[in-house]
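# Remarks on the overall topology
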Amino acid sequence: MLEVKTVDLHYGAAQALRGVSLTAAPGRVTTVLGRNGVGKTTLLKSIVGRQSISGGAIEWEGQDISRMRADLRARAGIASVPQGREIFPLLTVQENLETGFSILPRGQRKVPDEVFELFPVLRQMLGRRGGDLSGGQQQQLAIGRAMVMKPRLLVLDEPTEGIQPSVIQDIGRAIAYLRDRGDMAILLVEQYFDFARDLCDTFHVMERGQIIKAGTRAEMNEEEIRGMMTV
Amino acid sequence: MALLRVLLAAAITCAASLAAAQSLEDLVATLPEGSYDDRGAVVAQIAGTGDDRALKVLESLLEGDLEVLDSNGRVVEIRSEGRDDFATDILTGEDYGEVPSRGSSRIRVNNSLRRDIRAAMGTMTLRHPDPARRLAAAQAAFRSPDPDQAELLSEALAAETDPQVAEALSRAVAVAALEGAAPEAAQLEAVAVLSEMGNTEARTILAAAAADAEGPVAEAASDAVRHIDQMQRLWGLAQNVWFGLSLGSVLLLAAIGLAITFGVMGVINMAHGELVMIGAYTTFVVQEAIRSSFPALFDWSLLIAAPLAFAVAGGVGVAIERGVVRFLYGRPLETLLATWGISLMLQQAVRSIFGPNNREVGNPSFMSGAFELGQMTVTWNRLWILVFALAVFAVLLFVLKKTPIGLQMRAVTQNRAMASNMGIRTGWVDAMTFGLGAGIAGLAGVALSQIDNVSPNLGQSYIVDSFMVVVFGGAGNIWGTLAGAFSLGIANKFLEPWTGAVLAKILVLVFIILFIQKRPRGLFAVRGRAVDA
Amino acid sequence: MSTQLLLDGVNRSFDGFKAINDLSLAVEKGELRAIIGPNGAGKTTMMDIITGKTRPDTGRVMWNQSVDLTRTDEAGSARLGIGRKFQKPTVFETQTVEDNIALALKEDRSVWATLFHRRSAEDTRRIGELLELVKLSHVAGWMAGDLSHGQKQWLEIGMLLAQDPELLLVDEPAAGMTDAETMRTAELLRQIAGRHTVIVVEHDMDFVRALDCRVTVLHQGHVLAEGSLDHVSANEQVIEVYLGR
Amino acid sequence: MVRRHPVLNLVDRRMGIFLAGLFLLTVAIPVGNLAMAGQPVPSYIVALLGKYLCYALLAVALDLVWGYCGILSLGHGAFFALGGYAMGMHLMREIGARGVYANPVLPDFMVFLNWDSLPWYWLGFDMFGFALAMALLVPGLLAFVFGWFAFRSRVTGVYLSIITQAMTYALMLAFFRNEMGFGGYNGLTDFKDVLGFSLQADSTRAGLFVLSALALAAGLLVSKAITSSKLGKVLIAIRDAESRTRFIGYRVEEYKLFVFVVSAMMAGLAGALYVPQVGIINPGEFSPANSIGIVIWVALGGRGTLVGAAMGAIIVGIAQTLFTSWFPELWLFALGGLFVFVTIFLPDGVLGLIESRLGRKAGPGAAAKEASA
Amino acid sequence: QEDTIKVGILHSLSGTMAISETTLKDAMLMLVEQQNAAGGVLGKTLEPVVVDIASDWPLANEKARQLIEADGVDVVFGCWTSSCRKSVLPVFEELNSILFYPVQYEGEESQRNVFYTGAAPNQQAIPAVDYLIETEGVERWVLAGTDYVYPRTTNKILEAYLKDKGVAEEDIMINYTPFGHSDWQTIVSDIAEFGSAGKKTAVVSTINGDANVPFYKELGNKGISAEDIPVVAFSVGEEELSGLDTAPLVGHLAAWNYFMSIDTPENDAFIESWWEFIGNEDRVTNDPMEAHYIGFNMWVKAVEEAGTTDADAVIAALPGTEAPNLTGGISTMLPNHHITKPVFVGEIQDDGQFDVVWETDDLVPGDAWSDYLPESAPLKSDWVELECGNYNTETETCGAE
Ligand SMILES: Nc1ncnc2c1ncn2[C@@H]1O[C@H](COP(=O)(O)OP(=O)(O)OP(=O)(O)O)[C@@H](O)[C@H]1O
Ligand SMILES: Nc1ncnc2c1ncn2[C@@H]1O[C@H](COP(=O)(O)OP(=O)(O)OP(=O)(O)O)[C@@H](O)[C@H]1O
Ligand SMILES: NC(N)=O
Ligand SMILES: [Mg+2]
Ligand SMILES: [Mg+2]
């Protein structure tokens with residue numbers, strides 16, 4: 001269980017998060033929606049340990065991880081698919097996937113087959129440098145790389161960006177599959193409304209660093225939310 | 001030269017005839033007197049006495065161990081133990097015990113006298129049980145050919161069992177034959193032997209024979225000269241390649257640590273040279289310890305020093321990384337300022353601790369001397385350094401490409417934040433990577449201490465070349481560093497004979513500038529969309 | 001109407017992998033053209049070739065039937081009037097949003113001209129207009145590096161428009177935009193077309209539909225199908241490799 | 001609002017304070033020394049300050065290319081030295097028959113190496129104007145030729161840095177050679193006077209000091225004019241995203257070439273002013289370590305700030321002068337420590353510290369530091 | 001009136017030359033300390049002022065000025081390289097102070113304010129070559145040097161001298177290397193090649209500083225022994241050898257005006273006090289240290305004689321001043337500001353010391369202007385009678401006048 005409790009975050013003098021709270025439970029998909037620049041990415045960065053928060057707390061599996069180093073959070077079972085892919089450009093696809101091994105016990109250091117089932121193109125390109133892949137291929141690699149870590153919390157920042165329609169469907173199915181397995185909490189930031197709605201259990205809408213609306217999927221009113229996402 | 005030879009020969013014959021007249025005792029007693037030339041004559045006479053003790057006297061004289069005791073005027077052999085000297089009578093073997101350092105005066109030898117002694121000893125040691133001594137004797141006979149000794153040499157040759165000595169003897173016989181009026185067949189045989197020998201010395205003798213002799217001998221000799229010239233051109237080429245490889249191996253060693261700290265990590269590490277220096281000083285300290293406590297281990301000193309140098313330089317590297325560099329990731333150019341500061345401090349630290357002067361690091365026996373490979377002389381230290389450089393390279397390549405830590409190192413330097421999100425302990429990996437680069441620099445220091453100064457300036461003399469090699473090869477690719485080091489080394493060594501060392505160096509620099517225009521990312525450029533984004 | 005851009009038998013491979021394979025394509029002046037195709041089909045590479053970033057191994061790339069684009073470099077193609085928005089947003093991070101736009105404005109790009117350049121009232125007006133259009137007026141004075149991912153995408157679009165190019169190459173403009181903005185962007189591009197030639201790459205089918213233009217489907221570096229969106233979406237192969245069922 | 005003259009627009013507060021300080025020094029020192037008895041400022045301090053000002057101009061030149069265009073030149077010492085040699089050659093010719101061998105044309109070192117006539121490239125250096133022009137043109141031309149090739153070939157980053165280093169290193173070795181005709185290792189020395197003024201006279205020294213200050217001020221203003229124009233923004237764009245700049249139509253190589261040449265000429269001018277004040281120019285000025293030293297000044301003062309670069313040069317100069325006398329045997333610890341301290345604790349250089357103390361923002365933004373590296 | 005007399009010490013304590021010059025700084029400190037123990041000078045104590053010129057010649061100029069103007073020193077002992085000297089020279093002239101320069105150099109200079117206590121070429125190079133010709137019968141020559149003025153000039157003088165002696169052009173090989181050259185493979189093998197042509201060959205080395213260690217290491221490893229091809233060096237002394245295992249180098253030569261091994265009571269005392277001062281009995285002494293020793297003692301005498309430290313008076317008093325050197329003779333300051341020195345040729349021993357194999361009968365007067373260079377042959381320096389450093393005996397004028 002991830003609990004974000006009234007988190008504040010500043011970039012220099014500018015405040016990017018204002019008292020943000022949310023929870024993400026195993027077996028569920030929690031989504032965050034919002035227009036450009038409202039702080040979605042910032043929120044995820046604070047959870048995975050890329051930005052330090054200036055107020056509030058972040059708890060994961062009962063432990064306060066607000067001040068924990070990023071690599072220890074990864075060790076605690078948090079994996080992320082960042083916005084902008086952040087592939088290691090000079091490592092091959094194979095090596096990119098293997099960077100996830102460092103938190104696994106020796107015996108388990110193997111790329112799960114489901115990664116290649118979901119993204120067959122990665123298997124074809126194992127020897128190619130990550131930086132040479134096309135944008136969509138890189139996005140697939142970024143998701144695959146996070147799956148290698150066998151996380152208990154998977155944080156996805158706009159994972160469908162730049163991906164072809166058929167693969168988006170596959171990703172949707174994969175997220176649903178992971179959710180249904182029940183041992184993984186999934187936190188998803190999306191702009192693509194239909195995709196988010198189809199997958200989510202709970203949703204949050206952000207506006208200027210705050211959560212202005214939250215609820216379960218059943219409570220999701222398309223009109224209202226689309227309205228919040230336009231200026 | 002010829003005149004000298006005649007004189008020498010005369011001296012020896014003359015000595016032989018006088019042998020009866022003067023005893024070894026008398027001769028040794030007169031040894032300290034007169035000029036070097038006088039002493040040379042006495043040496044010849046001593047050799048001529050046929051006395052069993054003569055050889056020992058000459059050897060001791062050659063080594064510079066022969067002195068005259070002020071107290072009783074006896075000629076003694078001095079042994080040193082630490083700062084104390086002990087004397088034994090060279091002729092009677094009587095032990096005079098310890099003598100004060102200013103209580104005896106040395107019987108001086110200079111180069112020409114040493115040559116006389118060696119020539120004199122030569123004839124005496126042609127049948128010496130030690131093959132090394134026989135070899136020396138044969139070589140001495142070759143250098144100062146004497147037709148009168150031809151027979152002596154031939155007999156020795158017939159009795160010789162060691163092939164190396166036999167070869168040397170046959171050459172000595174050959175020159176002697178060409179010098180004197182040997183029968184034509186013998187002379188032709190001699191020409192063949194010398195032609196086989198193939199070096200400039202042989203060529204000089206053959207050229208003289210070609211000019212002096214007549215008929216078939218002259219013809220054979222001039223053919224041989226042509227043959228030698230041809231062979232020498234080929235060997236000259238081979239030699240340049242070897243010199244280039246050897247220079248390349250030095251460049252490789254100096255640069256390879258930097259290929260990690262700079263090439264892989266992107267830290268402009270101006271203190272790299274000082275890390276090399278630390279490795280060299282570690283070697284010095286190890287050798288000092290060995291010299292004073294376990295002299296028998298001296299030949300092992302480098303093997304002991306290598307892991308220590310790796311550890312010490314690596315440790316300093318880790319300290320630099322944790323103390324300074326880690327605050328500067330994302331600001332790579334500022335690492336230049338900080339590491340420059342560190343390099344100044346390290347230099348000064350070494351200067352304050354070890355003094356500003358060169359320190360002596362000796363070559364263990366396996367790294368001393370040279371061997372002949374055809375017409376090429378290959379020095380052992382250069383050969384071992386080449387082997388060592390390649391070994392270090394291989395290990396490094398393995399670590400970077402085949403081990404998990406190697407993968408983590410590359411991941412961290414490409415995207416530190418993402419690596420951290422993947423669960424990689426970036427701080428630890430950074431420290432290990434920098435430590436590895438630094439440790440390898442330390443290893444380079446062990447090797448470089450064998451051929452260069454061990455002084456506080458050591459690092460400064462390699463830093464520019466190291467950056468040049470890494471960048472020329474293509475930063476971030478350690479194969480590039482390998483190729484860069486060897487190609488610059490070979491280019492340099494092929495230019496040097498034509499242009500001299502200074503211009504060669506300038507031309508190599510110009511070449512680098514031009515080459516980079518053609519390949520703006522170095523020899524082994526990392527290409528693809530990943531880099532030019 | 002005349003052909004603005006012609007690709008004829010273009011090939012390009014990377015270490016033996018054929019990213020562009022005998023690609024031929026003609027785009028008319030003022031046309032709006034959508035390019036779709038699987039990830040890795042070669043869409044971005046095609047743009048690299050047009051802008052002179054990547055040289056084709058073989059084939060012709062002609063601009064206005066006269067200029068051989070395989071011989072121009074990036075600045076050269078920009079000066080001919082080819083503007084580009086990148087798939088991965090790249091902006092001048094240490095300069096303000098406003099300056100980013102100002103740098104892109106269509107003006108004399110020679111060294112002397114820029115050295116003695118003074119911003120005119122017209123420039124200022126145009127910059128303001130563009131900032132308004134891409135909704136970045138409120139952050140005009142920010143460093144571009146401080147923008148969010150989506151805001152950088154918008155800034156890229158603003159810079160592209162500022163150049164006022166003859167041909168706009170737009171790589172995934174809708175990525176990271178909300179659905180409403182996506183539609184607005186499609187509208188914008190439709191307005192621009194006519195006076196300008198526009199080539200858009202996008203994976204968002206709603207967006208492509210809204211463009212309402214001729215669609216080219218690339219697959220493995222080659223044109224797989226071409227026609228209206230309905231036409232190509234009915235193509236079995238397109239469904240197989242791209243759209244999914 | 002009152003419209004300011006365009007030149008005034010260039011002078012922001014930072015530059016204003018610095019120029020005012022510089023002006024005070026230039027007026028106070030010579031006037032004070034000439035007016036007051038007993039020379040309140042000893043001549044060695046005047047010489048020293050003059051030298052620092054030349055270094056400061058050199059630092060400004062480097063900051064122009066490095067701070068604003070991302071060209072980390074590790075060979076700027078070469079331009080400085082070439083300017084210095086041009087001036088040195090003139091001063092050498094000025095000696096005339098007063099040399100030890102009393103040869104009216106040939107400098108001593110040529111006589112002594114048995115040269116019988118002046119090499120062609122020494123011709124014209126008897127004219128001050130020609131020499132001064134050469135002090136600007138030779139570095140400018142070298143920068144032009146070098147930059148022309150390097151920038152067109154798109155040599156960037158460390159590759160460019162290293163070839164600039166190779167350039168200065170090769171020049172150093174070349175100038176070491178006596179055959180080059182520049183006095184070999186010893187370089188050019190024994191100067192007597194310039195334009196008829198004795199170099200040993202205090203008034204000449206004061207004059208050179210004032211000229212150095214003027215040159216520095218001019219250098220700062222020119223650099224400021226360049227960097228605050230639109231061209232300056234293009235340069236920063238190139239520094240931060242070279243490839244992107246090309247895509248919007250700027251010919252990056254032309255821009256780089258322009259600043260590189262301007263910068264080289266500024267460095268040459270600094271060298272030309274430096275030589276008469278220190279009385280020697282030798283190939284040591286070409287040494288790679290010297291050029292790295294220039295980079296250090298700029299980094300220490302604050303990269304991309306111009307005034308900071310000038311201050312960095314002056315601070316390091318003063319530190320070196322003081323430390324080498326205060327603790328001659330340990331000063332490298334102090335200097336090295338200073339460098340480490342500045343990088344860790346003053347990420348924006350000394351100027352950054354001063355300005356943040358005064359509560360103002362330094363440099364082209366904090367993000368600049370990250371991206372531009 | 002100040003109660004101390006300040007003595008400036010202007011050597012490189014860091015940078016490339018620190019390796020050689022730091023010792024000279026220490027030697028000077030020792031001499032000053034000894035003099036103070038003996039009552040100082042003119043009843044005042046001497047106060048050393050040490051600065052570091054960091055192997056940077058413009059900095060040397062600055063420091064010289066600072067020593068004289070700001071610190072008010074009365075005399076300066078300093079510099080090693082000729083560039084350093086050339087750089088500071090105008091300062092001494094302008095501010096009228098005194099510099100003692102302790103290193104062997106290329107000559108062709110005589111300045112009123114400078115006293116040259118190291119060897120001029122005629123006090124080192126020529127005698128050494130004579131020795132090789134006469135004793136070793138050398139007929140073929142390799143002149144190898146670092147590429148700068150001192151070796152170039154020395155070799156020019158030697159080349160002229162050897163040709164005078166009938167050595168043919170093809171029997172002279174000249175080779176220059178950059179500073180700090182460390183890869184000697186090609187050159188050493190060229191030397192071996194050159195020397196195997198049947199004529200006795202020797203190498204005259206003006207290789208400077210750091211380059212020597214790798215040079216001798218290569219020589220030793222290649223097995224080129226002194227008996228085959230002796231090397232005589234002018235810049236390799238005890239200090240340079242202390243960084244080397246000299247066993248393979250026994251018999252190679254050096255020419256100097258002093259060797260640590262020379263057995264005189266003065267030298268013994270000097271070495272003892274050096275060891276005591278520096279606290280390490282492994283430290284060696286060398287020729288430039290002796291030059292400072294002589295120069296310092298001459299200065300003390302001249303000051304005592306003049307009764308003042310005033311530069312003009314001391315400069316006037318110095319010529320003719322005598323001071324014992326460490327090798328048993330008495331050196332004299334000549335009117336040309338050079339001194340008389342004995343010349344020794346020594347062979348390297350396996351303990352890192354030199355064994356003197358030849359020496360001049362008398363002290364040799366230093367010649368500022370070489371007789372073997374056409375332009376300088378007519379020049380003469382005499383600061384006593386002619387008050388001129390470059391008097392042309394043909395035109396009978398002083399320099400430019
Ligand atoms: N420099 C390179 N080296 C190797 N492969 C490359 C290189 N550049 C592109 N490729 C490959 O070429 C193919 C085409 O890439 P491109 O980026 O053009 O695809 P795309 O159609 O834009 O895909 P996307 O929709 O995912 O952006 C991909 O498979 C990619 O991996
Ligand atoms: N490094 C930074 N420095 C300063 N401000 C930043 C930085 N990164 C983001 N911001 C600002 O913080 C706010 C939130 O940005 P964030 O990236 O979290 O937005 P987002 O909701 O993810 O938007 P998008 O949908 O465009 O990705 C924005 O106003 C952005 O400008
Ligand atoms: N004077 C010298 N040795 O430079
Ligand atoms: Mg975001
Ligand atoms: Mg693409």
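All of the points below concern the structure found in this document. Keep in mind it's a predicted model, so treat the numbers as computed, not measured. (Residues numbered from 1 in each chain as written. Chains lettered and ligands numbered in written order. Predicted model: local features only at pLDDT ≥ 70, side-chain atom pairs only at ≥ 80, totals over all residues. Heavy atoms only, no water.)

### Regarding the overall build of chain D
How we decide: Helix and strand assignments come from DSSP, with helices taken as H or I runs of at least 4 residues and strands as E runs of at least 2, each series counted from the N terminus. We compute the radius of gyration over the C-alpha atoms and compare it with the globule rule, which gives 2.2 Å times the number of residues raised to the power 0.38. For the exposure calls, accessible area comes from a 1.4 Å probe over protein chains only, and a residue counts as buried if that area is under 20% of its type's maximum, exposed if over 50%, partly exposed in between. In these tables, accessible area is a Shrake-Rupley quantity obtained with a 1.4 Å probe, and a residue counts as shielded only by the protein chains included in the view.
Along its length, chain D carries 16 helices and two strands. The C-alpha radius of gyration computed for chain D amounts to 21 Å, which stays within 12% of the reference 21 Å derived for 373 residues, consistent with globular compactness. For chain D, the C-alpha atoms occupy an extent of roughly 60 × 55 × 50 Å along the three principal directions. Taken over 373 residues, chain D has a buried fraction of 65%. Per element, the accessible surface of chain D, about 12,600 Å² overall, is 70% carbon and sulfur.

### Considering the pairing of strand 4 (residues 58-63) of chain C
Residues and elements named next belong to chain C. This is how the line gets drawn: Here the rule is simple: two strands pair whenever DSSP picks up at least two bridges between them.
Pairing geometry for strand 1 (residues 3-14) and strand 4, over five bridges, is antiparallel. Residue Asp-8 lies in a different strand from strand 4, and its bridge partner there is Arg-60. Bridging between strand 4 and strand 5 (residues 67-68) involves two bridges; their strand directions are antiparallel. Bridging across to strand 5, Met-62 finds its partner in Asp-68. The turn joining strand 4 and strand 5, which pair antiparallel and follow one another in sequence, is formed by three residues; a positive phi near 50 degrees is taken by Asn-64.

### Some details on the sheet that holds strand 2 (residues 75-81) of chain B
Residue and element names in this part refer to chain B. Rule in force here: Convention adopted: a line fitted to C-alpha atoms gives each axis, helices being fitted over their contacting stretch, and angles between N-to-C directions are expressed from 0 to 180 degrees.
Here five strands make up an open sheet; going across it, the order is 4-3-2-1-5 and the pairing antiparallel. Unpaired on one side and paired on the other, strand 4 (95-99) and strand 5 (104-106) mark the two borders of the sheet. Adjacent strand axes in the sheet meet at a mean angle of 40 degrees, parallel and antiparallel pairs treated alike. In this sheet, strand 5 lies alongside strand 1 (residues 66-69) in antiparallel orientation, the contact comprising three bridges. Residue pairing in the sheet places Val-68 in a bridge with Ser-105 of strand 5.

### Digging into the coordination of the magnesium ion (ligand 5)
To keep things clear, this is the line we draw: Metal-coordinating donors are taken as N, O and S atoms lying within 2.8 Å of the metal, or within 3.2 Å when the metal is Na, K or Ca; because water is left out, some sites can appear incomplete.
Protein-derived ligands of the magnesium ion (ligand 5) are Thr-44 of chain C (OG1) and Gln-87 of chain C (OE1), with the metal-ligand distances lying across 1.9 to 2.2 Å. Of the two residues, Thr-44 of chain C is situated in helix 1 (residues 43-50) and Gln-87 of chain C in the loop between strand 6 (82-85) and helix 3 (97-104); the sequence distance between them amounts to 43 residues.

### Some remarks on the packing of aromatic side chains
Put simply, the rule reads: Here is the rule: rings of Phe, Tyr and Trp (six-membered ring for Trp) pair when centre to centre is within 6.5 Å. Planes less than 30 degrees apart are stacked, more than 60 are edge-to-face, and the remainder are tilted.
Counting across every chain of the model gives 56 aromatic pairs over all chains. Judged by centre distance (4.9 Å) and plane angle (40 degrees), the ring pair of Tyr-148 of chain E and Phe-179 of chain E falls under tilted. Placement of the pair is Tyr-148 of chain E in the loop between strand 6 (140-146) and helix 5 (149-164) and Phe-179 of chain E in the loop between strand 7 (172-177) and helix 6 (185-194), with a sequence separation of 31 residues. Classification of Tyr-148 of chain E by relative accessible area gives buried; the value is 6%. By relative accessible area, which is 30% here, Phe-179 of chain E ends up partly exposed. Ring centres of Phe-296 of chain E and Trp-299 of chain E lie 6.2 Å apart, and the angle between their planes is 35 degrees; this geometry places the pair in the tilted category. Remark: Trp-299 of chain E and Phe-296 of chain E occur in helix 10 (residues 287-306); sequence separation between them is three residues, near one turn of the helix. Among the aromatic residues, those joined into a cluster by ring pairs are Tyr-85, Phe-109, Trp-120, Tyr-121, Trp-122, Phe-175, Phe-182 and Phe-286 of chain D.

### Quick notes on the state of the cysteines
All names here are of chain E. Rule in force here: Counting rule for disulfides: a pair of cysteine sulfur atoms within 2.5 Å.
Overall, the coordinates contain two disulfides over all chains when judged by the stated rule. The disulfide partner of Cys-79 is Cys-84, and the gap between their sulfur atoms is 2.0 Å. Classification of the bridge connecting Cys-79 and Cys-84 rests on its S-S torsion, roughly -65 degrees, and on that basis the disulfide is left-handed. Both residues of the pair, Cys-79 and Cys-84, count as buried. Through a disulfide, Cys-388 is tied to Cys-398; the S-S separation comes to 1.9 Å. On the sign convention where negative means left-handed, the S-S torsion of about 95 degrees between Cys-388 and Cys-398 marks this disulfide as right-handed. Within this pair, whereas Cys-388 is found in strand 18 (residues 388-392), its partner Cys-398 is found in strand 19 (residues 397-398), the two being separated by 10 residues in sequence. In this structure, Cys-388 and Cys-398 share a single accessibility class: buried. Once the disulfide-bonded cysteines of chain E are ranked by sequence position, their pairing pattern turns out to be 1-2, 3-4.

### With respect to the coordination of the magnesium ion (ligand 4)
In an ideal tetrahedron of four donors about a metal, each angle is 109.5 degrees. In an ideal octahedron of six donors, the angles are 90 or 180 degrees. Around the magnesium ion (ligand 4), the protein supplies Thr-41 of chain A (OG1) and Gln-83 of chain A (OE1) as donor atoms, at distances of 1.8 to 2.1 Å. A residue pair is termed long-range when its members are at least 10 positions apart, and Thr-41 of chain A in helix 1 (residues 40-48) and Gln-83 of chain A in the loop between strand 6 (78-81) and helix 3 (93-98) qualify at 42 residues.

### Thoughts on the site of ligand 1
Put simply, the test is: Each residue is tested against the molecule or strand, and it is near if at least one of its non-hydrogen atoms lies within 4 Å. We define a polar contact as two N or O atoms separated by no more than 3.5 Å, with the added condition that, inside protein, one atom must be a possible hydrogen donor and the other a possible acceptor, whereas residues neighbouring each other in sequence contribute only through side-chain atom pairs. Three categories are distinguished: nonpolar for Ala, Val, Leu, Ile, Met, Phe, Trp, Tyr, Cys and Pro, charged for Asp, Glu, Lys and Arg, and polar for the others, with Gly belonging to the last.
Residues in contact with ligand 1 amount to 24 residues; listed here are only the nearest, Arg-128, Ser-134 and Gly-136 of chain A together with Thr-44 and Thr-45 of chain C. Here an oxygen atom of ligand 1 and a backbone polar atom of Gly-136 of chain A are 2.7 Å apart. Taking Gly-40 of chain C, its main chain carries an N or O atom lying 2.8 Å from an oxygen atom of ligand 1. Here ligand 1, which alone exposes 640 Å², has 98% of that area covered by the protein. Secondary-structure elements contributing two or more residues to the shell around ligand 1 are helix 6 (135-148) of chain A together with strand 2 (17-28) and helix 1 of chain C. Of the residues in the shell around ligand 1, the class split is seven nonpolar, 12 polar and five charged.

### Digging into the packing of helix 13 (residues 301-323) of chain B against helix 18 (residues 426-448) of chain B
Residues and elements named next belong to chain B. Threshold: Each angle receives one of four descriptions, namely roughly parallel if under 35 degrees, roughly antiparallel if over 145, roughly perpendicular if within 65 to 115, and oblique otherwise. Handedness of a crossing is defined here by the sense of rotation of the near helix relative to the far one, left-handed for an anticlockwise turn of less than a right angle and right-handed for a clockwise turn. Residues count as neighbours in contact if any of their non-hydrogen atoms are within 4.5 Å of one another.
The geometry of helix 13 relative to helix 18 is characterised by a closest axis approach of 6 Å and an angle of 140 degrees between their N-to-C directions. The angle between the axes of helix 13 and helix 18 places the two elements in the oblique class. Considering the relative orientation of helix 13 and helix 18, their crossing is right-handed. Contact residues: Leu-302, Ala-305, Ala-306, Ala-309, Phe-310, Ala-313, Gly-314, Gly-317, Val-318, Ile-320, Glu-321 and Arg-322 in helix 13; Gly-427, Asp-430, Ala-431, Phe-434, Gly-435, Leu-436, Ala-438, Gly-439, Ile-440, Gly-442, Leu-443 and Val-446 in helix 18. Across the contact of helix 13 with helix 18, the residue classes tally to 15 nonpolar, six polar and three charged.

### Describing the nonpolar core
Generally speaking, soluble globular proteins have nonpolar side chains that are buried together. The following threshold applies: Take the buried residues of types Ala, Val, Leu, Ile, Met, Phe, Trp, Tyr and Cys, join any two whose side-chain atoms come within 4.5 Å, and each joined set is a nonpolar core. Domain boundaries shown here were taken from an automatic or database domain assignment.
Residues Ile-46 of chain B, Leu-216 of chain D together with Trp-141 and Trp-299 of chain E are the most contacted members of the largest nonpolar core, which totals 467 residues. Looking at which domains feed residues into this core, each of domain 1 (2-121) and domain 3 (250-532) of chain B gives three or more. Excluding its chain neighbours within four sequence positions, the residues that come into contact with Trp-299 of chain E are Ile-5, Val-7, Leu-46, Val-75, Phe-77, Phe-100, Val-314 and Leu-318 of chain E. Leu-219, Leu-241, Phe-344 and Val-356 of chain E belong to the second largest nonpolar core, which has 32 residues in total.

### As for the sheet that holds strand 2 (residues 14-24) of chain A
Residues and elements named next belong to chain A. If you walk across this open sheet you meet the four strands as 2-1-4-5, and the pairing is antiparallel. Edge positions in the open sheet fall to strand 2 and strand 5 (63-64), since each of these has one partner strand only. Bridge count between strand 1 (residues 2-11) and strand 2: seven bridges; the pairing is antiparallel. Residue pairing in the sheet places Leu-2 in a bridge with Ala-24 of strand 2.

### Quick word on the site of ligand 2
Around ligand 2, the surrounding shell holds 19 residues, and the nearest of these are Thr-41 and Thr-42 of chain A together with Asp-146, Ser-148 and Gly-150 of chain C. Chain contributions to the surroundings of ligand 2 come from chains A and C. Thr-42 of chain A is positioned with one of its side-chain polar atoms (N or O) 2.4 Å from an oxygen atom of ligand 2. Here ligand 2 loses 85% of its free accessible area of 630 Å² to cover by the protein chains. Of all the elements in the fold, those that place two or more residues in the shell around ligand 2 are helix 1 of chain A together with helix 6 (149-163) of chain C. Residues of the shell around ligand 2, tallied by class, amount to four nonpolar, 11 polar and four charged.

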